[in-house]
Structure formats: C-alpha cells, structure tokens
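Here are the chains, one letter per residue:
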2 protein chains.
Amino acid sequence: MAVNVSIPKGTRDFGPLEMRRRNYIFDNIKEIFNLHGYLPIETPAMENLSTLLGKYGEEGDKLLFRILNSGDFTKEIPKNEFTSENLTKLSSLMCEKGLRYDLTVPFARFVVQHRNEINFPFKRYQIQPVWRADRPQKGRYREFFQCDVDVIGSDSLFNEYELLQIIDKVFQKLGINVIIKINNRKILAGIAARLGMSDNLIPMTIAIDKIEKIGRENTKNELLQIGIQEADVESLLDLISTTGSIKDQIVFLKKYFKDNEIGLKGVAELEEIISYVEMNPIKNKIEIDLSLARGLNYYTGSIIEVKAADFQIGSICGGGRYDDLTGIFGLKDVSGVGVSFGADRIYDVMLGLNLFPEFIESAVKVLFVNFGNDSLKTCIALSEKLRKNNISCEIYPQNTKLDKQFKYANAKNIEYVAIIGEYEFQSKNLNIKNLHTGTQEQIPFDEIATYFKNR
Amino acid sequence: MAVNVSIPKGTRDFGPLEMRRRNYIFDNIKEIFNLHGYLPIETPAMENLSTLLGKYGEEGDKLLFRILNSGDFTKEIPKNEFTSENLTKLSSLMCEKGLRYDLTVPFARFVVQHRNEINFPFKRYQIQPVWRADRPQKGRYREFFQCDVDVIGSDSLFNEYELLQIIDKVFQKLGINVIIKINNRKILAGIAARLGMSDNLIPMTIAIDKIEKIGRENTKNELLQIGIQEADVESLLDLISTTGSIKDQIVFLKKYFKDNEIGLKGVAELEEIISYVEMNPIKNKIEIDLSLARGLNYYTGSIIEVKAADFQIGSICGGGRYDDLTGIFGLKDVSGVGVSFGADRIYDVMLGLNLFPEFIESAVKVLFVNFGNDSLKTCIALSEKLRKNNISCEIYPQNTKLDKQFKYANAKNIEYVAIIGEYEFQSKNLNIKNLHTGTQEQIPFDEIATYFKNR
C-alpha cells in the first residue's frame, strides 16, 4: 500500500506535458532575448538574509523563507528569550540564509559584487524560481518562476524602445495579441506637483493604479481621503482616463504641465521612446496609460505593462526604469530598465486561447514494437537512423503483448507504431501504423528516414 | 561606496559565459534524452521533511537544509526544551520543509504520488539543483545541479542498453572520450556468497570499491578486517582485477560461480546487455569492472560508471538498477534503472581539454555603432533584418565616443562592428570591421543578411 505522499502547499510538480509547454514559452522568450544581445545569468537559490531583509518592506520580510543554520542553531539564543514575543529576533539568530524572493534584489547584489568584471551597459536575462511564504490561492504559488530581462548602466531611452521590440516579438512568437501600456513616473510626479500633492505621490499613485480594478467612484474616494480637493480629483480622474492618439496625448500633456519641469521631463521621455517606435513600428498596440503606476516604489522613469488583448487576466509582463537599484547596496548612480514576463499567466493565456502548437502534445514520433531478438537488431538499426535525422523514437523495452505496447504508444501520444513481424522481417519492410488516423503503410527499411522526415 | 556583498559559502553565481557553457552541456544532453523518448519533469525545491528524512542515512539527515516554519515557530516547543541537547527534535518541531538533497527521492515521491496518471514504463529526465549542507571545498558545492535520466516500471535489460547508447552519444557529442564500466550487484553478492561473507556484502563492496583510490594493499587490510580469510582475500583481489576481453571475463565468471545462483544471474544479466551492444556497437569503450560497487545500497542489479579517458577526475556519470526505489513510499515491486550525469565535472573536463566550441565565447555577432538619430533608423532596420535571419546583434544604446563603443564590443567578444557614418549613410553602404582580424569591408545595406549568414 503506497504511502500518502504530498508536496508542500503552494508548490507544484511539472509533468512532461506541462514541462514541454513551459519550455516552449521559455525557449521562445530566450531566443528573442539572445537575438537582442541579452545574455543569461543565474544566482543561487539561497542568499544571505542580510542581502534580502529590508528590501521588500515589512510585509515582504515576513514572506521570506528562512533556512535554519546548520550545527547548533540554539547557541546564540539565551534560554529565556525563546518565546513567541521574539520571533523576528529569534529567526535572525537561528537563520543566516533565506530563499530569494524575486530576481531583482539578487541581480542588484550580482551587479555590485561583480562590478569590476561586468561590461556596462550590462544586458542580462534571468529565468529562475523564486519563493514567497504567501497564502497559497488560485494562481498564486509559493514557488514560481520569474523571467526578467534588464539592462543596467545606461540611461538611454533607446533601451526602453528595445524592450518594447522584445515584448512585441515575444508575444507575436507566442501568438498572443497584446496591448502595451506605457507611462512615466515623472508624469505622475508632475501631476502630483500641479495638485500640490508632491508629498503624497506614493498614496496618490497607489490609488490611481487601482482605477481599472475598483472603478472611478472608489478611486475618487481614496483620492479624497488623501486630501486632494474634489475639483482636483475630478480633473485628475479625467486626465488619467483620456484616450486618443499618442500624439494628441503628448500635445495635451505638454499644455497641461506648462512650466512644470518634472512633468515636462516625463513627457519628453515618452516622446523620445515614441520617436524610436516611429522609426520602426512594432506590431502590437501601444497606449499611453496615465493610470499606470505599478505600485512599486523604485521606478523613477518609464513604466511598462502588457495586457493580453483577447483574454481576461492581470498583466502578463511589466517593468520600468529605476535610477537607483544598486543603491541599496551602496553603488550609486547606476540607471537600469527592465521588464519581467509572467510565465504562469502566459501559460494560462496560451492554454485558454489554445495557442500551444500541436507538436508539443506529442514528444515522440515512432514506437518500434518489440517482438524479441529476431527483429530487435533491425529495430535498433532503424531507430538509430531516425535519431540521426533528429526524429525522436523508442523501442518498447520488452517483448510483451501487442495491445500493451499499443496502449503505451497511445498514452504517450506517439503518432506512429512501427512493426517488424515475421513477414516484414523477411520482406525488409516496416508496417507503419498511424495511431491518429488508423491508416497503415508498408515502407522499405531503407526509406524510413525519408518517410518520417516528411511528416 | 559599495557594500561588501556576498553569497552563502558553497554557492555560486553563473555569469553569461559560464551559463552559455553550462547550457551547451545541458542542451546536448537533453537532445539525446529526447531522441530516445525520455521526457522532462521538474519537482519543487522544497519537499516535506517527512519525504526526505531517513532516506540518506543519519549523516544525510544532518546535511539537509531545513526551512523555518512561517508564523509562530516556537509554539510546539516547551520553553525548557530549547537547548542544544535537543537539536534534532527542535528542528523537526520548527521546520516542516527542507530543500531537496538529490533528485532520486523526489522522483520516487513523484512516481508514487502520480502513479495513477503515469504511463509505465515511465522514461523521465530531470535537471535541477540540489542542496547539501556539506563542508564546502574545491569542487564540492552546497548548491549544485544533478542531471538524472531514469526509466521506471520495466525490468527489461534493454533499458540498460539504451542508457549505454545515451551515455555513448552524449560524450561523443561533447567530444569527451570515455570508458564505460559496468558491473552487477548480483555478481558481488555471488562473490560474497562463495566466500561465506553474504552477511558482510555491504562492507565488502565498500572496501573493494576503493581499490582504485587506496590501492591493493590497503584494500586487502580492509577486507581482512571484515573477517575474510587471507587466501580468499587474495583470490578476491585477483578476481576483481582480472582484465581481458568481455567474452573471456564472462566465460571465467561462469566457471567461477559454478552453481551459485545469484552470481550466475548477475553474469547472465551482463551477458544480455552485452548481446544488445553486439547488435549495434557503441563507440566508446565498455569494460566489465568487478570492483565497481558505487557504495550506494539501493542498487540491486546493473551498476554503471563512466570515466573520462583523457582527463584525471572522478566518475563523470554513473548509476544502476534498483528494484525497490518507490518501496520507501510503500509502492512495491517497481523496478527502475537510471544514471546521473555530473554536470560540474563534465564542465571541468571540457574546460581542461578545451572542448567548448568557439561560438560559445561570442554570443553576439554584430554591434551597430550609434551615431545618433540620422543613421539610427537605418541601424534599426538593418538589425531587424539580421535578427530575422537568426543573427544576434545589438545597437549601442547611446551616441557616445567611438572608442567607448568599440571597447564595449571587445569586452563582450562581439566579432563585428557595423558603422554607418556620414559617408556610408549617403552611399548606402555599411563599414564592417572584424575585431578579431582587424579587417574592414564596405557592404551594401541590402546585402547585410547574406554577408553575415556566411560567417
């Protein structure tokens, strides 16, 4: 009787089909990254807690998975201090290491640690799991993959354009129509300044970021609570809801900011990015969305967010520019910009819209039936011929009942079964059965590679 | 001033060049696995400690990285029990989860948990990091990758042959000449039985497994200590040191075992595997090595180990057959066989023998010099043409001094720099400089793809 085994809640096993679908997404993304000169790095799953703590706010600190020190983990702790009142202190005394919470802080740590070997501007991508002790729920996991692409050490807005190109190509390759929304933190700062609300920039942006989710009325109430005058709130909500062409929006914003320096700077940055897009348009739709704030407080310039056009789900890619990412580790004035692709959501969109190509379902093309040693030598030789032509195949490992071997092929979604029985062995032909259509054909041994190369 | 940041001891960052080298190894291995119908799976980094504990011996339990429970981890622990005398008990009360120690136990757990969805024989591979709180030293890390390929649910020895094929092809692809050593646990059991030492099979195999490392004399002493008679020890050492052709060795062993059932079974298994090899020889050398025991106690049949022929290092691949892997989780009688490729050692061999192909050093083919907006539009269009032809390239993100842009290309090992200055812009030519040879050429804009496709 098998034991009732399980895995920790919020974690997942990936079987062969899920793996092939996930790899299809990652491989396409990596191909685009590589074509644009972005290169892979990887960092360890464990970081020193001193690297991680304080980087994600108080709430984030609580969500870090901490690793118990090896050896005597009690030795730093006075006996009477081991009580539930001292949890934070205790965990710091018992744990030096934690699992990474995202790829951004480890990347900042990587850049600072290796700053003397790195060739700036440094274009890197990183696809690795991260861990958060969040309450697991539908679509939220305690172990999940992030897929980040960043360039650090260049403040040129051409980098933003290249990221838009990459986003555009990735989603074209995957077959997902998207709307790419852009904004600029400086525009938000300009708006706050015009409303005399510069001290409340963060709560203001957090409130307007929610407008799509909670609606105009609720957003209005939140903005009033921050202390913005009702007339200003209405004009702010009108402003962030304006649509129209990008050109029109830029003209409007320039007028709106008049001589507000930070606001005009933001508009100029948007305008420069758009000027590159005009040199070589991208296929998916780009929109300026002034409600875009992405809650994150380290963005200082461009903000980017990508939504699927034909599927209801949160953003599937997003990011922005940060002027001081490595500042948390004391390395000042290194500007960077990057985006993160949400692999789990992209997976859900592709499954929902049936976008995975059919070949993913079927990893192996041919199963050679095993009739024992007489024909086995021929099966081995023919299977090797197929593999030399890059066609995946296998020989059933033992001589057992035919229906068992066919059942195996069906369950593994192998399209063709190759049979070398007595008759075929004598006539040097294979009997090839297509399990999807039920048709059978006789093929001379020496035509096997040609036969399968064409299907 | 940058903070002195670091990563936990025994862990590593992988920069772009190391990543590309490692991916070269993994991609080649995966390609062979896939061609033989082995499919990928992944399991979570964290497993329940109940899954891991007791599977690796007492020493292994101590080397598990344990994850502190979220929330109040003190609540199960009576105040006066928090002392260094109770470390094992305390860690069990504070930690429910641990990082996986290998891929074998998680695979067994996966098979048992998903036994009703799995199509047996189940051919899977798994390439993921594992973590061990070992004392770090040269070549031994606390985080390292394992690369396992197993088939479970078939006792056919044809699977062993397929693994030999895979091993042979992987190392051919990577350019490493290897010696593949095989043995069988049943032969070792037969030898022990003939010496009246069946109860001491484990210490006996552990002792003879060391002969290559510690030499004949020291092995002899260890065997004497186990209680084997001196005359028997000498004949045992002669036996495991016999060389000669595989055929001769099999004939000799059959005589040696006479009517010893287990020994003869082991020889018959070896003979069957060799019969498949004779049907379709493999390129690398295969040897029967009776000293091969691989210490591991769960192997029940074939034992396989691979050594690099031209480089001094421990085994770079190894494995065997286990008849009861899932028995640890109560699922009996599921036989499997598999091997594990040692990625770190393979990396060292390839670096040592200079086997990495040159293209790995240079990830990006062309850098377009940025002279500002006049020629930028052309640069973007031409770069897109190259990427459509699968040629990796980038445009320097800002208009800055030429020598800075060249320095960037050199540091990133980009072979070609494409320059569109005033003259080139007017004449619709590119000036292409090869940084490796120093040569320059003028190429019409519309020939750029053809030009680079041929180099």
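Quick caveat, the model's predicted, so the values are computed rather than measured.

**A few points about the packing of aromatic side chains**
Residues and elements named next belong to chain A.
- Considering all chains together, one arrives at 40 aromatic pairs over all chains under this definition.
- Ring geometry for phenylalanine 110 and phenylalanine 122: centres 6.2 Å apart, planes at 5°, overall stacked. With a gap of 12 residues between them, phenylalanine 110 in helix α5 (residues 104-113) and phenylalanine 122 in strand β5 (residues 122-131) connect regions that are remote in the sequence.
- Ring centres of tyrosine 416 and phenylalanine 452 lie 5.0 Å apart, and the angle between their planes is 75°; on these two criteria the pair is classed as edge-to-face. Here tyrosine 416 is found in strand β14 (residues 416-419), whereas its partner phenylalanine 452 is found in helix α17 (residues 448-453), with 36 residues between them in sequence.
- Taken together, the aromatic side chains of Tyr24, Tyr347, Phe356 and Phe359 make up a single cluster linked through ring pairs.
- If you follow arginine 22 out to its NZ or CZ, it ends over the ring of phenylalanine 14, 4.0 Å from the centre.
- Taking NZ or CZ as reference, arginine 124 lies 3.8 Å from the ring centre of phenylalanine 107, over its face.

**Overview of the packing of helix α1 (residues 16-35) of chain A against helix α13 (residues 343-352) of chain A**
All names here are of chain A.
- It is at 10 Å that the axes of α1 and α13 come closest, and there the two elements cross at 110°. As far as their axial angle goes, α13 and α1 are roughly perpendicular. Along its contact with α1, which presents Glu18, Arg21, Arg22, Tyr24, Ile25 and Phe26, the element α13 presents Ala343, Asp344, Ile346, Tyr347, Met350 and Leu351.
- By residue class, the composition of the contact of α1 with α13 is 8 nonpolar, no polar and 4 charged.

**Structural notes on the confidence of the model for chain A**
- Of all residues in chain A, 99% have pLDDT values of 70 or greater, and the mean over the chain is 94.
- Our summary of model confidence lists the complex with pTM equal to 0.95 and ipTM equal to 0.95.

**Overview of the side chain of threonine 74 of chain B**
- Here threonine 74 of chain B lies in the loop between β3 (66-68) and α4 (87-94).
- Contacts of threonine 74 of chain B, omitting those with residues within four sequence positions, involve Phe82, Thr83, Ser84, Leu87 and Leu90 of chain A.

**Considering the sheet that holds strand β14 (residues 416-419) of chain B**
Residue and element names in this part refer to chain B.
- A sheet is described by the order of its strands in space; here 5 strands give the open sequence β13-β12-β14-β15-β16, paired in mixed fashion. This sheet does not close on itself; its edge strands, each paired only once, are β13 (393-395) and β16 (440-444). Mean inter-strand twist for the sheet, computed between neighbouring axes without regard to direction, equals 25°.
- Of the pairings in the sheet, the one linking strand β12 (residues 366-368) to β13 comprises 3 bridges and is parallel in character. Each residue of the ladder has a partner; that of phenylalanine 368, found in β13, is isoleucine 395.
- Strands β12, β13 and β15 (429-434) of the sheet are contacted by helix α14 (residues 373-388), whose axis makes an angle of about 165° with β13.

**Considerations on the pattern of salt bridges**
- Inspection of every chain in the model, using the stated rule, returns 60 salt bridges over all chains.
- When the shortest N-O distance is used, the salt bridge between glutamate 394 of chain B and lysine 412 of chain B registers 2.7 Å. Separated by 18 residues along the polypeptide, glutamate 394 of chain B in strand β13 and lysine 412 of chain B in the loop between α15 (402-411) and β14 bring together distant segments of the chain.
- Counted as one network, the salt bridges with shared partners bring together Lys123, Glu162 and Lys169 of chain A together with Glu384, Arg387, Glu394 and Lys412 of chain B.

**Notes on the relation of the copies chain B and chain A**
- After a rotation of 180° and a shift along the axis of 0.0 Å, chain B superposes on chain A with an RMSD of 0.0 Å. Look at the turn and shift together and you get a two-fold axis relating the two. Of the C-alpha atoms belonging to chain B, the one lying closest to the rotation axis is found on isoleucine 67 of chain B, 2.3 Å away.
- A high fraction, 99%, of the interface residues of chain B reappear at the interface in chain A, so the copies pair face to face through one surface.

**Notes on the pairing of β15 of chain B**
All names here are of chain B.
- Counting buried residues along β15, 5 of its 6 residues qualify, which places the element largely inside the surrounding structure.
- Of the strand pairs in this sheet, β14 and β15 are connected by 4 bridges, and their pairing is antiparallel. Among the inter-strand pairings, tyrosine 416 is bridged to a residue of β15, identified as asparagine 434.
- By the bridge criterion, 5 bridges tie β15 to β16 in an arrangement that is antiparallel. By the bridge assignment for β16, lysine 433 is matched with glutamine 440.
- Remark: 5 residues form the turn of the hairpin made by β15 and β16, two consecutive strands paired antiparallel; glycine 438 in that turn has positive phi of roughly 85°.

**Details of the interface of chain B and chain A**
- Every contact between the two is made by 106 residues of chain B and, on the other side, 105 residues of chain A.
- Interface area for chain B against chain A, summed over the two sides, is near 9,000 Å², with a carbon-plus-sulfur share of 64%.
- Of all residues in chain B, Leu35, Phe82 and Met279 of chain B give up the largest surface area on contact with chain A, accounting jointly for 8% of the area buried on that side.
- At the surface where chain B touches chain A, the tally comes to 8 salt bridges.

**Observations regarding α13 of chain A**
Residue and element names in this part refer to chain A.
- Within the sequence span of α13, burial applies to Ala343, Asp344, Ile346, Tyr347, Val349 and Met350.
- Of the surrounding secondary structure, the elements contacted by the buried residues of α13 are α1, β6 (143-152), α6 (158-174), β9 (302-308) and β11 (336-341).
- Asparagine 354, located one to two residues past α13, shows a positive phi value of around 60°.

**Concerning unusual backbone geometry**
- For the bond running from phenylalanine 120 of chain A to proline 121 of chain A, omega is -10°, close enough to zero to count as cis.
- Topologically, proline 121 of chain A is positioned in the loop between α5 and β5.
- The phi dihedral of aspartate 333 of chain A is positive, around 60°, even though this residue is not glycine.
- Residue aspartate 333 of chain A is classed as exposed on the basis of its relative accessible area, which comes to 74%.
- Positive phi is not limited to glycine here, since asparagine 413 of chain B has a value of about 60°.
- Secondary-structure assignment places asparagine 413 of chain B in the loop between α15 and β14.
- The class of asparagine 413 of chain B is partly exposed, set by a relative accessible area of 25%.

**Observations concerning the sheet that holds β9 of chain A**
Residue and element names in this part refer to chain A.
- Spatially, β1-β5-β6-β11-β10-β9-β7-β8 is the arrangement adopted by the 8 strands of the open sheet, whose pairing is mixed. In the strand order of this sheet, the two ends are held by β1 (39-40) and β8 (285-288), each with one partner.
- Of the strand pairs in this sheet, β6 and β11 are connected by 6 bridges, and their pairing is antiparallel. Bridge assignment links valine 151 to a residue of β11, and that residue is valine 337.
- Across the face of the sheet, α6 comes into contact with β5, β6, β7 (178-184), β8, β9, β10 (317-322) and β11 while running at roughly 15° to β11.

**Notes on the pairing of β6 of chain A**
Residues and elements named next belong to chain A.
- Extensive coverage of β6 is indicated by the burial of 10 of its 10 residues.
- Because side chains alternate across β6, one face comprises the buried residues Glu143, Phe145, Cys147, Val149 and Val151, and the other comprises Phe144, Gln146, Asp148, Asp150 and Ile152, equally buried.
- In terms of strand pairing, β5 meets β6 through 10 bridges, oriented antiparallel. By the bridge assignment, arginine 124 is partnered in β6 with aspartate 150.

**Observations regarding the environment of valine 105 of chain B**
Residues and elements named next belong to chain B.
- Turning to its location among the elements, valine 105 is positioned in helix α5 (residues 104-113).
- Valine 105 gets classed as buried once you look at its relative accessible area, which sits at 6%.
- Taking the C-alpha atoms as reference points, valine 105 and isoleucine 274, 169 residues apart in sequence, are found 30 Å from one another.
- Those residues in contact with valine 105, other than ones at most four positions away along the chain, are Thr51, Leu52, Lys55, Tyr56, Ile328 and Phe329.

**Here we look at α15 of chain B**
- Residues of α15 of chain B that are buried include every one of Gln405, Phe406, Tyr408 and Ala409 of chain B, and no others. Down the axis of α15 of chain B, the sector holding all buried residues measures 155°, keeping them to one side. Counted as exposed and oriented over 90 degrees from the buried face of α15 of chain B: Asp403, Lys407 and Ala411 of chain B.
- Among the structural elements, β5 of chain A together with β12, β13, β14 and β15 of chain B are those in contact with the buried residues of α15 of chain B.
- Phi for asparagine 413 of chain B, located one or two positions after α15 of chain B, is positive at around 60°.

**Looking at the environment of aspartate 199 of chain A**
Residue and element names in this part refer to chain A.
- Within the secondary structure layout, aspartate 199 lies in the loop between α7 (185-194) and α8 (201-209).
- Classification of aspartate 199 as exposed rests on a relative accessible area of 78%.
- Considering only alpha carbons, one finds aspartate 199 and glycine 372, 173 residues apart in sequence, at a separation of 81 Å.

The rules behind the values
- Residues numbered from 1 in each chain as written.
- Chains lettered and ligands numbered in written order.
- Predicted model: local features only at pLDDT ≥ 70, side-chain atom pairs only at ≥ 80, totals over all residues.
- Heavy atoms only, no water.
- Phe/Tyr/Trp six-rings, centres within 6.5 Å; stacked < 30°, edge-to-face > 60°.
- Helix = DSSP H or I, 4+ residues; strand = E, 2+ residues; numbered from the N terminus.
- Lys NZ or Arg CZ within 6 Å of the ring centre and 35° of its normal.
- Axes fitted to C-alpha atoms, helices over the stretch in contact; angles between N-to-C directions.
- Parallel < 35°, antiparallel > 145°, perpendicular 65-115°, else oblique.
- Contact = heavy atoms within 4.5 Å.
- Nonpolar A, V, L, I, M, F, W, Y, C, P; charged D, E, K, R; others polar.
- pLDDT = per-residue confidence, 0-100.
- Pairing = 2+ DSSP bridges.
- Salt bridge = Lys/Arg side-chain N within 4 Å of Asp/Glu carboxyl O.
- Least-squares fit on C-alpha atoms with pLDDT ≥ 70 in both.
- Buried < 20%, exposed > 50% of the residue type's maximum accessible area, 1.4 Å probe, protein only.
- Buried area = accessible area lost by both parts, 1.4 Å probe.
- Arc of directions from axis to C-beta.

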